[in-house]
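Fold and geometry: a report
Residue strings, one per chain:
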Amino acid sequence: MSIAPIAVSTLAIVLIAAGVVVALLLVGGLLAVRRRNRQLAGRFEADVAAADQALEQARAADRGWDRNAMEEAVRGALAEAKPDFAYEQLHLVLVDDRPGTEEDRAHFAAVGSRGETRVVMARDGDRWVAETVE
(Lines give C-alpha, C1' and ligand atoms only; values in the text may rest on other atoms or scores of the structure.)
Protein backbone atom coordinates (compact mmCIF):
# COMPACT_ATOMS: atom_id res chain seq x y z
CA MET A 1 0.00 0.00 0.00
CA SER A 2 2.94 2.32 -0.23
CA ILE A 3 2.30 2.89 -3.97
CA ALA A 4 -0.91 4.90 -3.43
CA PRO A 5 0.75 7.90 -1.67
CA ILE A 6 3.31 8.17 -4.51
CA ALA A 7 0.48 8.19 -7.12
CA VAL A 8 -1.34 10.92 -5.22
CA SER A 9 1.83 12.97 -4.96
CA THR A 10 2.46 12.61 -8.69
CA LEU A 11 -1.14 13.59 -9.46
CA ALA A 12 -0.83 16.61 -7.15
CA ILE A 13 2.39 17.69 -8.87
CA VAL A 14 0.80 17.35 -12.33
CA LEU A 15 -2.27 19.35 -11.23
CA ILE A 16 -0.13 22.08 -9.64
CA ALA A 17 2.05 22.31 -12.76
CA ALA A 18 -1.05 22.50 -14.98
CA GLY A 19 -2.49 25.21 -12.71
CA VAL A 20 0.74 27.21 -12.92
CA VAL A 21 0.76 26.94 -16.73
CA VAL A 22 -2.87 28.08 -16.94
CA ALA A 23 -2.17 31.00 -14.57
CA LEU A 24 0.88 32.07 -16.61
CA LEU A 25 -1.13 31.92 -19.84
CA LEU A 26 -3.92 33.97 -18.25
CA VAL A 27 -1.55 36.65 -16.93
CA GLY A 28 0.33 36.77 -20.26
CA GLY A 29 -2.91 37.13 -22.18
CA LEU A 30 -4.12 39.94 -19.91
CA LEU A 31 -0.83 41.81 -20.31
CA ALA A 32 -0.94 41.43 -24.10
CA VAL A 33 -4.52 42.74 -24.27
CA ARG A 34 -3.64 45.67 -22.04
CA ARG A 35 -0.63 46.63 -24.20
CA ARG A 36 -2.70 46.33 -27.39
CA ASN A 37 -5.45 48.54 -25.92
CA ARG A 38 -2.89 51.22 -25.05
CA GLN A 39 -1.51 51.13 -28.60
CA LEU A 40 -5.00 51.30 -30.09
CA ALA A 41 -5.96 54.21 -27.84
CA GLY A 42 -2.94 56.22 -29.00
CA ARG A 43 -3.63 55.41 -32.62
CA PHE A 44 -7.32 56.26 -32.17
CA GLU A 45 -6.48 59.70 -30.75
CA ALA A 46 -4.14 60.36 -33.67
CA ASP A 47 -6.82 59.25 -36.14
CA VAL A 48 -9.42 61.50 -34.51
CA ALA A 49 -7.04 64.48 -34.62
CA ALA A 50 -6.30 63.83 -38.30
CA ALA A 51 -9.99 63.50 -39.07
CA ASP A 52 -10.79 66.74 -37.24
CA GLN A 53 -8.07 68.56 -39.14
CA ALA A 54 -9.29 67.15 -42.46
CA LEU A 55 -12.84 68.16 -41.59
CA GLU A 56 -11.79 71.72 -40.83
CA GLN A 57 -9.82 71.90 -44.09
CA ALA A 58 -12.81 70.57 -46.02
CA ARG A 59 -15.11 73.08 -44.38
CA ALA A 60 -12.72 75.88 -45.26
CA ALA A 61 -12.41 74.72 -48.86
CA ASP A 62 -16.16 74.24 -49.16
CA ARG A 63 -16.85 77.82 -48.05
CA GLY A 64 -14.62 79.21 -50.78
CA TRP A 65 -11.89 80.29 -48.40
CA ASP A 66 -8.46 80.45 -50.01
CA ARG A 67 -6.23 78.27 -47.84
CA ASN A 68 -3.01 79.60 -49.40
CA ALA A 69 -4.00 83.22 -48.75
CA MET A 70 -4.94 82.33 -45.18
CA GLU A 71 -1.61 80.59 -44.52
CA GLU A 72 0.31 83.48 -46.08
CA ALA A 73 -1.49 85.90 -43.76
CA VAL A 74 -0.72 83.67 -40.77
CA ARG A 75 2.96 83.56 -41.70
CA GLY A 76 3.01 87.35 -41.97
CA ALA A 77 1.31 87.73 -38.59
CA LEU A 78 3.78 85.34 -36.97
CA ALA A 79 6.75 87.15 -38.51
CA GLU A 80 5.44 90.45 -37.14
CA ALA A 81 4.23 89.34 -33.70
CA LYS A 82 6.84 86.66 -32.92
CA PRO A 83 9.82 87.08 -35.23
CA ASP A 84 12.01 84.71 -33.18
CA PHE A 85 9.47 81.87 -33.11
CA ALA A 86 10.55 79.05 -35.43
CA TYR A 87 7.85 76.63 -36.51
CA GLU A 88 7.89 73.58 -38.73
CA GLN A 89 4.18 73.00 -39.27
CA LEU A 90 1.12 75.16 -39.66
CA HIS A 91 -2.22 73.49 -38.90
CA LEU A 92 -5.72 74.79 -39.51
CA VAL A 93 -7.47 73.66 -36.33
CA LEU A 94 -10.81 75.46 -36.32
CA VAL A 95 -13.06 77.18 -38.80
CA ASP A 96 -15.67 79.52 -37.37
CA ASP A 97 -17.90 80.29 -40.34
CA ARG A 98 -20.80 82.49 -39.35
CA PRO A 99 -23.39 84.06 -41.65
CA GLY A 100 -21.80 86.72 -43.81
CA THR A 101 -18.06 87.26 -43.87
CA GLU A 102 -17.55 89.86 -41.13
CA GLU A 103 -17.55 87.28 -38.32
CA ASP A 104 -15.57 84.52 -40.06
CA ARG A 105 -12.61 83.26 -38.04
CA ALA A 106 -9.90 80.69 -38.74
CA HIS A 107 -7.74 79.31 -35.95
CA PHE A 108 -4.25 78.10 -36.81
CA ALA A 109 -1.60 76.38 -34.71
CA ALA A 110 2.03 76.98 -35.61
CA VAL A 111 3.96 74.05 -34.15
CA GLY A 112 7.70 74.12 -33.58
CA SER A 113 10.34 72.51 -31.42
CA ARG A 114 9.81 75.18 -28.74
CA GLY A 115 6.05 74.74 -28.54
CA GLU A 116 2.90 75.93 -30.21
CA THR A 117 1.52 79.35 -31.07
CA ARG A 118 -2.16 79.95 -31.79
CA VAL A 119 -3.14 82.49 -34.41
CA VAL A 120 -6.76 83.58 -34.89
CA MET A 121 -7.42 85.09 -38.29
CA ALA A 122 -10.45 87.24 -39.14
CA ARG A 123 -11.82 88.25 -42.51
CA ASP A 124 -11.57 91.86 -43.54
CA GLY A 125 -13.44 91.93 -46.83
CA ASP A 126 -11.57 89.57 -49.14
CA ARG A 127 -8.38 89.41 -47.11
CA TRP A 128 -7.39 87.76 -43.85
CA VAL A 129 -5.90 89.66 -40.92
CA ALA A 130 -4.55 88.46 -37.59
CA GLU A 131 -6.95 89.02 -34.75
CA THR A 132 -4.80 87.42 -32.04
CA VAL A 133 -1.39 85.74 -31.85
CA GLU A 134 -0.91 83.81 -28.61
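Please read all numbers here as calculations on a predicted model, not as lab measurements. (Residues numbered from 1 in each chain as written. Predicted model: local features only at pLDDT ≥ 70, side-chain atom pairs only at ≥ 80, totals over all residues. Heavy atoms only, no water.)

Observations concerning the overall build of the chain
Helix and strand counts for the chain stand at two helices and four strands. In the chain, the succession of α and β elements from N to C terminus is α-α-β-β-β-β. Considering only contacts within the chain whose residues lie at least 6 apart along the sequence, 43% involve residues at least 24 apart. Only carbon and sulfur atoms are counted for the fraction: they give 60% of the accessible area of the chain, which is about 9,400 Å². (Helix = DSSP H or I, 4+ residues; strand = E, 2+ residues; numbered from the N terminus. Contact = heavy atoms within 4.5 Å. Areas by Shrake-Rupley, 256 points an atom, 1.4 Å probe, with all protein chains shown as cover.)

Examining the confidence of the model for the chain
Summing up the model confidence of the chain, the mean pLDDT is 82 and the portion of residues at 70 or higher is 87%. When mean pLDDT is compared element by element in the chain, helix α2 (residues 67-81) scores highest at 91, while helix α1 (residues 3-62) scores lowest at 79. (pLDDT = per-residue confidence, 0-100.)

Some points on the pairing of strand β3 (residues 115-124)
The pairing of strand β2 (residues 105-112) with β3 spans eight bridges and is classified as antiparallel. The residue of β3 that forms the bridge with alanine 110 is threonine 117. In this structure, the hairpin formed by β2 and β3 is closed by a connection of two residues. Bridge count between β3 and strand β4 (residues 127-133): six bridges; the pairing is antiparallel. For alanine 122, the partnering residue across the bridge sits in β4 and is valine 129. Taking the residues between adjacent antiparallel strands as the criterion, β3 and β4 are bridged by two residues, where glycine 125 takes a positive phi near 70°. (Pairing = 2+ DSSP bridges.)

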